[in-house]
Amino acid sequence: MTQNPDPMEGAPLIAPSTTDHPLYDQIVEACRSVFDPEIPVNIYDLGLIYTIDVDPENAVKVIMTLTAPGCPVAGEMPGWVAEAVEPLPGVKQVDVELTWEPPWGMDMMSDEARLELGFL
């Protein structure tokens, strides 16, 4: 059996984001204003935001994870994300959900985050 070059093969799927919604880019920027207190990089570039879904009524659902289940701010970080996104003009409501599937890994970080942390 040959190895499939796609490392996500067989892994739980991350729901797609609503990237074509007019609010999407503003929501991404709002997420970039939230930082993991243990790592000096924003949570979006760390790869902690899995899905940004915006429905036709502009209700936003963010599915995110943390670097580890024992993260000391596990109870607080979803609130920080909601507080960053809710004030955006046009956003009706924000629901932030934590998930542990798939588990976060360093391969989920953006190149900017890897560079910032000295991994590139």
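Residues numbered from 1 in each chain as written. Predicted model: local features only at pLDDT ≥ 70, side-chain atom pairs only at ≥ 80, totals over all residues. Heavy atoms only, no water.

Under an unreviewed UniProt entry, the name given to the protein chain is SUF system Fe-S cluster assembly protein, and the organism recorded is Roseovarius phycicola.

A.B. asks: Explain the overall build of the protein chain here, please?
C.D. replies: The number of helices and strands found in the protein chain is 3 helices and 3 strands. In the protein chain, the succession of α and β elements from N to C terminus is α-β-β-α-β-α. Against the 2.2 N^0.38 benchmark of 14 Å for 120 residues, the protein chain shows a C-alpha radius of gyration of 15 Å, consistent with a compact globule. For the C-alpha atoms alone, the extent of the protein chain along its principal axes is close to 50 × 30 × 25 Å. Looking at the 120 residues of the protein chain, the share that counts as buried comes to 42%. A sequence separation of at least 24 residues applies to 62% of the contacts in the protein chain between residues at least 6 apart. Accessible surface computed for the protein chain: about 7000 Å², of which carbon and sulfur atoms make up 54%. Positive and negative charge centroids in the protein chain, built from 4 and 21 side chains respectively, lie 4 Å apart. (Helix = DSSP H or I, 4+ residues; strand = E, 2+ residues; numbered from the N terminus. Rg over C-alpha atoms; globule rule 2.2 N^0.38 Å. Buried < 20%, exposed > 50% of the residue type's maximum accessible area, 1.4 Å probe, protein only. Contact = heavy atoms within 4.5 Å. Areas by Shrake-Rupley, 256 points an atom, 1.4 Å probe, with all protein chains shown as cover. Lys, Arg positive; Asp, Glu negative; His and termini not counted. Charge placed at Lys NZ, Arg CZ, Asp CG, Glu CD.)

A.B. asks: Before we go on, may I ask you to explain the pattern of salt bridges in this structure?
C.D. replies: Pairing is possible between side chains of opposite charge, provided their charged atoms come close. Going through the model one piece at a time under the given rule, you end up with 3 salt bridges. Between Arg32 and Glu29 there is a salt bridge, with its nearest N and O atoms 2.9 Å apart. Notably, a salt bridge pairs Lys61 with Glu97, separated by 3.2 Å at the nearest N-O pair. Separated by 36 residues along the polypeptide, Lys61 in strand 2 (residues 59-64) and Glu97 in strand 3 (residues 93-98) bring together distant segments of the chain. (Salt bridge = Lys/Arg side-chain N within 4 Å of Asp/Glu carboxyl O.)

A.B. asks: It is not clear to me how the packing of helix 1 (residues 24-31) against helix 2 (residues 77-85) should be interpreted in this structure. Could you clarify?
C.D. replies: The relative placement of two packed helices comes down to the angle between their axes together with the axis-to-axis distance. It is the contact of helix 1 with helix 2, at a shortest axis distance of 8 Å, that shows an interaxial angle of 135 degrees. Accordingly, the angle class assigned to the pair helix 1 and helix 2 is oblique. Where helix 1 crosses over helix 2, the two elements pack in a sense that is right-handed. Seen from helix 1, the contacting residues are Ile27, Ala30 and Cys31; seen from helix 2, they are Val81, Ala84 and Val85. Of the residues that constitute the contact of helix 1 with helix 2, the class distribution is 6 nonpolar, no polar and no charged. (Axes fitted to C-alpha atoms, helices over the stretch in contact; angles between N-to-C directions. Parallel < 35°, antiparallel > 145°, perpendicular 65-115°, else oblique. Left-handed = near helix turned anticlockwise from the far one by under 90°. Nonpolar A, V, L, I, M, F, W, Y, C, P; charged D, E, K, R; others polar.)

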